[in-house]
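Survey of secondary and tertiary structure
Now for the letters of each chain:
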Amino acid sequence: MASLWVFWYMSSQALEKRKETLASMCDERARMLQDQFNVSMNHIQAMSVMISIFHHGKIPSAIDQRTFAKYTERTSFERPLTSGVAYAVRVLHAEREQFEIQHGLTIKRMDNVEQTPVHEDEYDPADLEPSPVQEEYAPVIFAQDTVAHVISVDVMSGKANRDNVLRARESGKGVLTAPFRLLKTNRLGVILTFAVYKADLPPYASTTERIQLTAGYLGGIFDIESLVEKLLQQLASKQTILVNVYDTTNVSQPISMYGSNNSFGGLCHVSALSFGDPFRMHEMHCRFKQKPPWPWVAITTSVGILIISLLMGQIFHATMNRIAKVENDYHEMMELKKRAEAADVAKSQFLATVSHEIRTPMNGVLGMLQMLMDTGLDETQKDYVRTARESGKALVSLINEVLDLAKIESGKLELEAVSFDLRAILDDVLSLFSGKSQDKKVELAVYVSSKVPATLVGDPGRFRQIVTNLVGNSIKFTDKGHIFVTVHLIEEVLDMEVEGNLNSSLSAYPVVDRRLSWAGFRPLNQDGGSSSSLADQINIIVSVEDTGQGIPLEAQSCVFHPFMQVGPSITRNGGTGIGLSISKCLVHLMKGEIGLASSPQIGSTFTFTAVFSNSSSNFNKSISQPVNSKFDSISSEFHGMRALLVESNPVRAMVSKYHIQRLGIHVEVVSDLSQSFSGVIPLNMVFIEEEIWNRDICMSVSMLRRNNYGIAPKLLLLSNSTSSVVQAGFSDSDVPTPFVVMKPLRASMLAASLQRAMGLGSRRMYRNGEHHNLSLSNLLHGKKILVVDDNPVNLVVASGALKKYGAEVVHAERGKDAILLLTPPHLFDACFMDIQMPEMDGFEATKRIREMELSINNRIQGGELSAEVYGHISKWHVPILAMTADVIQATNEACFKCGMDGYVSKPFEAEILYREVSRFFKAVSDADEKHQ
């Protein structure tokens with residue numbers, strides 16, 4: 001229906017346009033014909049005035065036939081539509097004889113010619129009969145040469161002409177005859193007649209006066225057919241329309257003046273013609289010569305709309321079917337989603353169960369091995385136990401990685417938002433790999449830009465995991481040179497040009513261009529945050545550079561895929577192949593990117609970015625990291641001291657200077673001791689790189705002592721391996737024996753070394769982990785702790801670990817027993833609660849303990865119970881720490897939801913215990929520490 005309507009509408013529009021075109025063309029031709037007729041009529045009227053003046057107004061007359069013929073011939077261009085002009089004089093019957101004698105002619109009649117038309121070759125004026133007797137005559141005396149054959153013809157003898165002449169003299173205006181056949185030519189024409197009056201005609205003469213004063217009649221002969229033909233030829237050489245001119249004075253019987261009546265019908269437009277005679281009515285009828293063309297635009301448009309409508313109908317039909325299918329698929333998907341959620345829950349439960357079931361015995365194995373190491377074993381036995389313990393730790397690490405990968409795949413991995421010290425975390429990573437780097441004689445170092453804030457807000461554990469994976473990966477495949485970790489703000493790196501040539505690397509080994517590792521990173525702040533939120537963001541970039549084996553180009557695209565390793569599995573150097581994939585996922589969670597640049601036999605550089613918040617902003621910290629006040633007090637001992645660093649390698653000098661300055665020491669770097677250094681304040685210490693230590697250096701140190709106001713600065717030798725310390729030159733009595741500071745440098749180790757060298761504070765050199773052991777002894781000494789676990793081995797391990805640090809431990813194997821023991825009043829300072837236990841799990845037990853404590857606290861505050869009975873404690877809340885092998889986020893959330901205060905995963909170590917316990921206990925006094 002729409003296509004039919006469009007077809008009808010567009011066809012009607014085309015028809016209207018065709019009508020408008022026909023009307024415009026017809027009106028144009030009618031207007032031109034009418035205008036030219038009016039021009040001719042005006043000139044004929046002017047000639048009637050001229051005859052009145054020069055023929056009737058002058059005696060003798062100034063006009064004769066020859067003059068009239070010549071004048072009318074020369075002025076014919078002013079009358080474009082006339083075929084000729086003739087003048088007939090008015091002659092009364094009494095004047096006829098005299099007139100004929102005077103002019104030498106006989107007045108002829110013309111009515112018999114009208115009744116018997118003649119053709120041009122048949123016409124002879126001598127054959128005309130004399131005009132019959134009548135009251136007056138109107139014989140033609142002057143005529144244009146083209147119509148000279150009408151001279152002596154009495155125009156009053158024809159009925160049509162007689163009526164025309166009478167109307168002309170009565171009205172004083174031009175009048176037209178009806179169309180008739182012209183003499184000689186036998187063509188259809190009309191005569192326009194004007195009455196010629198005597199010169200003394202009054203301005204407002206009456207009809208009678210006009211008749212009496214009429215002198216003659218001037219007629220213009222119009223050959224309509226030839227005139228219209230000329231007009232159409234002038235207008236256009238090719239006519240697209242047919243023109244008919246009609247005299248419609250008699251409406252019932254119109255007279256055709258021009259054109260053929262043969263037409264196919266169709267459109268016809270009628271334009272009115274006015275030739276100055278209101279008595280005669282004329283019209284122009286116009287038709288197109290050809291039939292109207294097919295309305296192809298309307299046809300194609302309507303057909304197109306029909307096709308489009310059919311296509312839309314088909315699309316709609318298909319869409320409805322698709323919607324129905326999608327709805328069915330949606331219902332199926334929802335069913336599958338329910339099954340998937342159930343499977344996900346089952347998977348999470350499976351992971352928790354497997355984690356618990358594997359980590360629980362591993363907790364016993366590692367704990368028993370640790371307890372075995374504390375017994376009297378010889379060195380071989382300790383080595384065996386240490387190896388077994390490290391293997392157990394590797395197994396636990398593998399379990400953690402698999403669980404992390406499962407959490408990432410299920411979208412359950414979430415990041416914490418806590419305040420942490422990035423530099424301290426990197427120190428911990430260095431401590432973790434210091435032994436391996438020293439054994440392999442590979443230099444391990446960290447440099448953090450001074451523009452990186454001291455404290456950031458984010459997930460320190462996951463950040464440590466990323467750096468540990470990258471450094472551990474470099475340790476595996478690096479046998480010479482160095483491993484260098486750098487941290488900058490992204491803004492620094494974007495403005496950074498080349499950081500020196502390849503020969504000035506940390507170990508002087510060639511390295512890959514680290515800029516290639518971040519070349520594919522997208523621009524900063526592309527996530528579209530607001531300016532206020534971006535102002536609180538800290539965008540850092542971390543690079544881990546090594547001089548190891550490198551990664552082949554064909555393998556670089558898949559190193560971040562899970563379980564993908566470079567080279568065949570039988571030749572790999574260990575690892576599961578999932579550390580880098582987990583690191584990539586963690587980096588993406590931190591809104592960052594990770595990339596690499598590697599070259600075989602030169603090394604690799606891994607770079608990642610991360611977005612943290614600035615801890616100085618208004619941030620609601622859910623958990624606060626403990627502040628290492630002891631390190632602050634130690635480092636404050638060195639504030640204001642001055643040190644000289646002798647190092648020729650600019651990169652190594654930058655790293656060493658960074659770590660020394662962290663202790664508040666002013667450092668000046670020289671490439672050798674022969675250079676002078678600025679300042680007049682005596683030096684407190686001199687750091688010398690082991691690689692440049694020789695006898696010349698010893699002599700320079702002796703000279704430096706004499707130039708340093710006689711004060712011998714402490715000499716510290718920076719060494720990368722205990723087995724490579726150079727002893728040459730120490731026999732000189734003037735040169736003090738240097739203290740060896742082992743690399744990798746980190747703040748706590750460097751502070752302890754300086755304390756030992758300068759005799760400040762404790763002289764004990766802490767090894768990795770011993771700081772936490774001593775701190776735990778201070779925290780747990782004398783504390784009464786309840787350990788609840790249904791596994792006897794776990795009870796022994798946990799009790800042994802806590803008793804090792806001076807705590808008093810009480811066992812409980814059921815949740816109900818824990819409720820009884822922790823019912824106020826009691827003397828327990830904390831409780832380690834296992835989660836998965838028979839009869840009543842740890843969640844339910846903790847929930848009931850919290851409800852019981854809340855009830856007692858409310859009753860004490862309300863006065864229903866006496867505070868004296870409850871040991872003068874008005875608010876009971878024993879710290880309960882979850883002790884479980886589950887490490888998934890859901891278990892962590894459930895622990896805090898039920899009222900637990902902390903979360904310790906099994907197997908736990910000194911660092912984990914210290915991190916959790918330090919939130920609730922304070923260390924014993926320094927006096928007590930010294931006493932212990």
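Check the entry above for the structure.
Residues numbered from 1 in each chain as written. Predicted model: local features only at pLDDT ≥ 70, side-chain atom pairs only at ≥ 80, totals over all residues. Heavy atoms only, no water.

A tally of regular secondary structure across the protein gives 25 helices and 29 strands. Within the protein, buried positions represent 46% of all 932 residues. (Helix = DSSP H or I, 4+ residues; strand = E, 2+ residues; numbered from the N terminus. Buried < 20%, exposed > 50% of the residue type's maximum accessible area, 1.4 Å probe, protein only.)

This paragraph deals with helix H20 (residues 792-804). Structurally, the α-helix is built with 3.6 residues per turn, so residues lying three or four positions apart point the same way. A rise of 1.5 Å per residue sets the reference length of H20, with its 13 residues, at 18 Å; its end C-alpha atoms lie 18 Å apart and thus fit the reference within 8%. Taken residue by residue, H20 has Asn794, Leu795, Val797, Ala798, Ser799 and Leu802 as its buried positions. For H20, the N-terminal cap is Asn791; the gap from its side-chain oxygen to the backbone nitrogen of Val793 is 2.9 Å. Positive backbone phi, at 90°, marks Gly806, one or two positions downstream of H20. (Expected span 1.5 Å × (residues − 1). Polar contact = N/O pair within 3.5 Å; in protein donor to acceptor, adjacent residues only side chain to side chain.)

Picture the strands of a sheet paired through backbone hydrogen bonds; they go either parallel or antiparallel. With parallel pairing, five strands are arranged side by side in an open sheet as S26-S25-S27-S28-S29. Two strands bound the open sheet, and with one partner strand each, they are strand S26 (808-812) and strand S29 (902-905). When the angles between neighbouring strand axes are averaged without regard to direction, this sheet yields 25°. Across four bridges, the pairing between strand S28 (residues 880-884) and S29 is parallel. By the bridge assignment, Met883 is partnered in S29 with Val904. Contacting strand S27 (830-834) and S28, helix H22 (residues 842-861) crosses the sheet at an angle of about 145° to S27. (Pairing = 2+ DSSP bridges. Axes fitted to C-alpha atoms, helices over the stretch in contact; angles between N-to-C directions. Contact = heavy atoms within 4.5 Å.)

Let us now look at the packing of helix H1 (residues 2-56) against helix H2 (residues 65-74). Helix packing geometry: the angle between the two helix axes and the distance between the axes. With their axes 13 Å apart at the nearest point, H1 and H2 run at an angle of 155° to one another. Here H1 is positioned roughly antiparallel relative to H2, judged by the angle of their axes. Considering how the two elements wind past one another, H1 and H2 form a crossing that is right-handed. Each of Met47, Met50 and Ile51 in H1 lies in contact with H2, whose residues at this interface are Phe68, Tyr71 and Thr72. For the contact of H1 with H2, the per-class residue count stands at five nonpolar, one polar and no charged. (Parallel < 35°, antiparallel > 145°, perpendicular 65-115°, else oblique. Left-handed = near helix turned anticlockwise from the far one by under 90°. Nonpolar A, V, L, I, M, F, W, Y, C, P; charged D, E, K, R; others polar.)

Before going further, it helps to spend a moment on the nonpolar core. Grouped together as the largest cluster of nonpolar side chains are 53 residues, with contacts concentrated most on Leu422, Phe463, Val471, Ile540 and Phe608. For Ile540, the contacting residues outside a window of four places in its chain are Leu422, Phe463, Val487, His488, Leu489, Ile490, Phe608, Thr609, Ala610 and Phe612. Counting residues in each nonpolar core, the second largest holds 46 residues, with Met25, Phe99, Val196 and Met284 among its members. (Core = buried A, V, L, I, M, F, W, Y, C linked by side-chain atoms within 4.5 Å.)

To continue, consider helix H18 (residues 747-758). Taking 1.5 Å of rise per residue, 12 residues should cover 16 Å, and H18 covers 16 Å from first to last C-alpha, within 8% of that figure. Gly759 sits one or two residues past H18 and shows a positive phi near 70°.

It is worth spelling out the pairing of S27 at this point. Where burial is concerned, most of S27 is hidden: five out of the five residues are buried. In S27, alternate side chains face the same way, and those of Ala830, Phe832 and Asp834 on one face and Cys831 and Met833 on the other are all buried. Sheet topology note: the strand S25 (residues 784-788)/S27 ladder contains four bridges and is parallel. For Leu786, the partnering residue across the bridge sits in S27 and is Cys831. For S27 and S28, the ladder comprises four bridges, and the chain directions are parallel. Paired with Asp834 across the two strands is Met883, which belongs to S28. The handedness of the S27 to S28 crossover, carried by H22, is right-handed. (Right-handed = clockwise from strand over helix to strand, strands pointing away.)

Turning to unusual backbone geometry, a few remarks are in order. Of the consecutive residues Ile59 and Pro60, the connecting peptide bond is found in the cis state with omega at -5°. Cis geometry marks the peptide bond from Lys743 to Pro744; its omega dihedral reads 5°. With respect to the element layout, Pro744 can be found in the loop between strand S24 (739-742) and H18. Despite not being glycine, Ser152 has its phi angle at roughly 80°, a positive value. Looking at the secondary structure, you find Ser152 in the loop between strand S4 (140-143) and helix H5 (159-171). Residue classification places Ser152 among the buried residues on the basis of a relative accessible area of 10%. For Lys441, which is not glycine, the phi dihedral falls at a positive 55°. When you line up the elements, Lys441 lands in the loop between helix H10 (422-439) and strand S14 (443-448).

All right, on to the pattern of salt bridges then. According to the stated counting rule, one finds 22 salt bridges in the structure shown. Between Glu689 and Lys743 there is a salt bridge, with the nearest N and O atoms lying 2.7 Å from each other. Of this pair, Glu689 sits in strand S22 (residues 685-689) while Lys743 sits in the loop between S24 and H18, placing them 54 residues apart in sequence. Residue Glu689 is classed as buried on the basis of its relative accessible area of 3%. Among the charged side chains, a salt-bridge network with shared partners connects Glu443, Arg652, Glu689 and Lys743. (Salt bridge = Lys/Arg side-chain N within 4 Å of Asp/Glu carboxyl O.)

Moving on: the sheet that holds strand S9 (residues 241-247). The four strands are arranged S10-S9-S12-S11 in an open sheet whose pairing can be described as antiparallel. Two strands bound the open sheet, and with one partner strand each, they are strand S10 (255-258) and strand S11 (269-273). The mean angle between the axes of side-by-side strands here comes to 30°, regardless of whether they run parallel or antiparallel. The pairing of S9 with strand S12 (residues 282-288) spans seven bridges and is antiparallel. Bridge pairing in S12 links Asp247 to His282.

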